[in-house]
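Take a look at the letters that make up each chain.
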Amino acid sequence: MMNEFPKGFLWGAASSGPQLEGAADIDGKVKTVWDHWFETEPDKFYQQIGPRDVSNFYFRYKEDIQTMKELGFNSYRTSISWARLLPDGKHVNEKAVTFYRDVFTRLKENGVKPIINLFHFDMPYHFHEKGGWENRDIIHEFAFYAKTAFDYFGDLVEEWVTFNEPIVPIEMGFLNDKHLPAVVDIKRAFQAGFHTMLAHVYAVKVFKENQNKGKIGIILNLTPSYPRSENPADQEAAKWADVLFNRSFLDPAVHGTYPSELKQFIENEQIELHYEDEDFALMKQYTVDFLGVNYYQPRRVQAGDKASNQDVLQKYFIPYQWPEAKMNPHRGWEIYEKGLYDIAINIRNNYSNIPWYVAENGIGVEGEEQFIDSLGEVQDDYRIEFMTDHLRWLQKGIAEGSNCYGYHVWTFIDNWSWLNEYKNRYGLVRLDLETMERHKKKSASWFYELAKGNTLPEKW
Ligand code: BG6
């Protein structure tokens, strides 16, 4: 059939421990940076909803896994909480082991392959106090955590991910005030980013040395960069945006080396990076088996202002608002479906056509209650349209040889999000914040048809 996806294509959703589990301060879990930040600055959080008030997967996972099956999922990605598994960083919390083992077992029993990520923005606060990603010790702490997870769950999990969007805590925490430590300092950003990359490399090393079964990868948010015009200065700007925001993690993860332009950037900006001699050899040796790609929006740029002394990045590129952009007004993100195709072709051409899957794609909409019909179902046709349009472009990329093997929507049940909390809803399933009840949206039935048929539903 024309619309069919490759055999065995993964269908499911992505989520994360901190956004879904709840039980933030019981059964041995210690504080993450988010728990701490909410305690100290609750006004930063939309409607003052903190990380304790999330959808309680910790208590309701049995019912939620049943729902995944009803939605046709054959796979599901979430993350383990470092702060729950190793509260002091050293000793294993047996309650966490029991919880995660039961979750992974039940997923498998229901035909849902667990894809398990180790880090989704949720640094244990005690490590943050010691410098977090800026302190080189974190690399070994993370490798120990990774080894613990592989040892305790390796018999149940065969697809491991080290990091989700490792650049986000760097960009949002060291060049912005949306993650802790909320500073603007390019030098600190580079050191923290480098340590994050090394933590990933050491986790891959441990995985391979342990001879764990299965595969290990990384999930990156790739934002294809498009220049405002054909003008060489605009083109140059797009190159820099790509180097800084995509290739900075993509190249070392897949090829084991940093792009030469990044080295040039470091020299230009006189960034003194601390490293050890063996770092680069290990990076070269321990590359990933697969790639997950989160795609929401492209990055449009125009020529930088070389004279700018306001913001380092502005010297290299300046964001550009394309007048014809189709926008998601709720999140303020451009919707550009072809970006997914461009990613597919880029991976095929420039990244050895490594096996990859769409690890997140979705649309966050505010005020979804206005679309609830008389039977209580959110009529989210816009979500169906969003996924259909992206999947069409993905199919084109696959037809042209890109090695994509799955698609995960963000997300399963509406979930809590960092500083936006429940403002924008992304789920196939609606969460009633008062009762914590779950109600399937129209897109849930559509997704079932898609997954079961392994093909885009003809009409909807
Ligand atoms: C991704 C993250 O960046 O986008 C998720 O992996 C996040 O954690 C999702 O929730 C949607 O973004 P947001 O900020 O609207 O929740």
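Calculation rules
Residues numbered from 1 in each chain as written. Predicted model: local features only at pLDDT ≥ 70, side-chain atom pairs only at ≥ 80, totals over all residues. Heavy atoms only, no water. Near = heavy atom within 4 Å. Polar contact = N/O pair within 3.5 Å; in protein donor to acceptor, adjacent residues only side chain to side chain. Areas by Shrake-Rupley, 256 points an atom, 1.4 Å probe, with all protein chains shown as cover. Core = buried A, V, L, I, M, F, W, Y, C linked by side-chain atoms within 4.5 Å. Buried < 20%, exposed > 50% of the residue type's maximum accessible area, 1.4 Å probe, protein only. Helix = DSSP H or I, 4+ residues; strand = E, 2+ residues; numbered from the N terminus. Contact = heavy atoms within 4.5 Å. Lys, Arg positive; Asp, Glu negative; His and termini not counted. Salt bridge = Lys/Arg side-chain N within 4 Å of Asp/Glu carboxyl O. Pairing = 2+ DSSP bridges.

Chemist: So what exactly am I meant to see when it comes to the site of the ligand here?
Modeler: As a structural note, the neighbourhood of the ligand is formed by 13 residues, with Gln19, Glu165, Arg331, Ser417 and Tyr426 the closest of them. Note that an oxygen atom of the ligand is positioned 3.0 Å from one of the side-chain N or O atoms of Trp418. In the complex, the protein chains occlude 92% of the 380 Å² of accessible area that the ligand would expose alone.

Chemist: How should the nonpolar core be read in this particular structure?
Modeler: Core analysis: the biggest nonpolar cluster contains 142 residues, and Trp160 and Phe447 have the highest contact counts within it. The element best represented in this core is helix H9 (residues 186-209), accounting for 14 residues. Among all residues touching Phe447, those that are not within four sequence positions of it are Trp11, Gly12, Leu71, Phe73, Met387, Tyr407, Val409 and Leu428. Judged by nonpolar contacts, the second largest core, of 8 residues, contains Leu10, Phe290, Ala359 and Tyr405.

Chemist: Would you take a moment to explain the side chain of Asn221 for this structure?
Modeler: In this structure, Asn221 sits in strand E5 (residues 215-221). Residues contacting Asn221, with those up to four places away along its chain left out, are Glu165, Ile167, Val168, Phe245, Asn246 and Asn294.

Chemist: Which parts of the structure should I look at to understand the side chain of Asp122?
Modeler: Take Asp122: it is sitting in the loop between strand E3 (113-119) and helix H6 (125-129). No salt bridge is formed by the buried Asp122. Its closest oppositely charged neighbour is Lys29, at 7.3 Å. When sequence neighbours within four positions are dropped, the list of residues in contact with Asp122 reads Pro18, Thr32, Trp34, Ile80 and Ser81.

Chemist: Just checking my understanding: could you explain the pattern of salt bridges for this structure?
Modeler: Working definition: two side chains of opposite charge can pair if their charged atoms are close together. Tallied over the entire structure, the rule returns 41 salt bridges. Across the pair Glu276 and Arg136 runs a salt bridge whose closest N-O atoms are separated by 3.4 Å. One end of the pair, Glu276, is in the loop between helix H11 (260-268) and helix H12 (278-285); the other, Arg136, is in the loop between H6 and helix H7 (137-153), and 140 residues separate them in sequence. Residue Glu276 is classed as partly exposed on the basis of its relative accessible area of 39%. Look at the salt bridges and you will find they share partners, linking Glu368, Asp380, Arg383, Asp414, Arg425 and Lys441 into a network.

Chemist: What am I meant to see in helix H8 (residues 167-174) here?
Modeler: The α-helix winds at 3.6 residues per turn, so residues separated by three or four positions along the chain end up facing the same way. Taken across its 8 residues, H8 has 7 buried, putting it largely inside the fold. Those residues of H8 that sit buried are Ile167, Val168, Pro169, Ile170, Glu171, Gly173 and Phe174.

Chemist: Explain the pairing of strand E12 (residues 356-360) here, please?
Modeler: Regular strands have side chains that alternate between both faces of the sheet. Across the 5 residues that make up E12, a large majority, 5, are buried. As paired elements, strand E7 (residues 290-294) and E12 share 4 bridges and run parallel to each other. Across the sheet, Leu291 pairs through a bridge with Trp356, a residue of E12. By the bridge criterion, 2 bridges tie E12 to strand E13 (residues 404-409) in an arrangement that is parallel. Of the residues in E13, the one forming a bridge with Trp356 is Cys404.

Chemist: What exactly am I supposed to notice about the pairing of strand E2 (residues 75-79) here?
Modeler: In terms of burial, E2 is largely enclosed, as 5 of its 5 residues are buried. In E2, alternate side chains face the same way, and those of Ser75, Arg77 and Ser79 on one face and Tyr76 and Thr78 on the other are all buried. The pairing of strand E1 (residues 10-14) with E2 spans 3 bridges and is parallel. Directly across from Ala13, in E2, lies its bridge partner Tyr76. Where E2 lies against E3, 5 bridges are found, and the strand directions are parallel. Bridge pairing in E3 links Tyr76 to Pro114.

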